[in-house]
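# Geometric and topological summary
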Amino acid sequence: MKSTDPEEKKTVLVIDDDEGECCLVEDILGENSIRVVKAVGGETGIRMLSETEYPIVITDLRMPDIDGMAIIDFIRKRHLRSLIVVITGYASIDSVIDALRAGAYDYIIKPFSTDLLKFTIQRAFDYITIRDEQDRLKSFELITQLASTTAHEVFQPLTVLMGEANAISRSTRDEET
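Presented here is an overview of the structure given in this document.

Turning our eyes to something else, we now look at the packing of aromatic side chains. Counted according to the given criterion, the structure contains 1 aromatic pair. Consider the rings of tyrosine 105 and tyrosine 127, whose centres lie 5.6 Å apart with planes at 45 degrees: the pair is tilted. Taken together, the positions of tyrosine 105 in the loop between α4 (93-102) and β5 (106-109) and tyrosine 127 in helix α5 (residues 114-176) put the pair 22 residues apart, joining distant regions of the chain. Since its relative accessible area comes to 41%, tyrosine 127 is described here as partly exposed. Over the ring of tyrosine 90 we find arginine 62, and its NZ or CZ is 4.2 Å from the ring centre.

It is worth spelling out the pairing of strand β2 (residues 35-40) at this point. Where strand β1 (residues 11-16) and β2 come together, 6 bridges link them in parallel fashion. Residue pairing across strands places valine 14 opposite lysine 38, the latter belonging to β2. Of the crossover connections in this fold, the one passing from β1 over helix α1 (residues 19-30) to the parallel β2 is right-handed.

Rules and cut-offs
- Residues numbered from 1 in each chain as written.
- Predicted model: local features only at pLDDT ≥ 70, side-chain atom pairs only at ≥ 80, totals over all residues.
- Heavy atoms only, no water.
- Phe/Tyr/Trp six-rings, centres within 6.5 Å; stacked < 30°, edge-to-face > 60°.
- Helix = DSSP H or I, 4+ residues; strand = E, 2+ residues; numbered from the N terminus.
- Buried < 20%, exposed > 50% of the residue type's maximum accessible area, 1.4 Å probe, protein only.
- Lys NZ or Arg CZ within 6 Å of the ring centre and 35° of its normal.
- Pairing = 2+ DSSP bridges.
- Right-handed = clockwise from strand over helix to strand, strands pointing away.

Written out as structure tokens, the structure is:
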């Protein structure tokens, strides 16, 4: 599976069985210069997720072939780092709870305002930026710890050898006098 290209960080995969809904989301997010890749139907969405990891996946909950819960499950079982936003016209407290427990980042009920969708997706991209920075800092911390440990392991024997060399040098001087 190919990772997301750095130039495509502002890309969203939209999975919905209604192509009109995919186009609507594309139009709304396009106003914020967000690239939208459309997958009409859950099966197409799964195929596309098998080939490419997207930073954000927007999925409908109810689709005739593969539903949104299966999309969430697919993403989580493969340990993809995609944030998942569920959009549905068939909302219930149980479906909200189930989706969030399964790993959805957020849940939007249709009909939704353009501002809500834009805000939710921007917040998701902000979260990704913070998460990636935390990962970078953790990597830096691990490298620092490794360098410190390696330096200690290298310099400890050198310190012992220098101490022994000084002792030998002193004893040689003492014997000469």
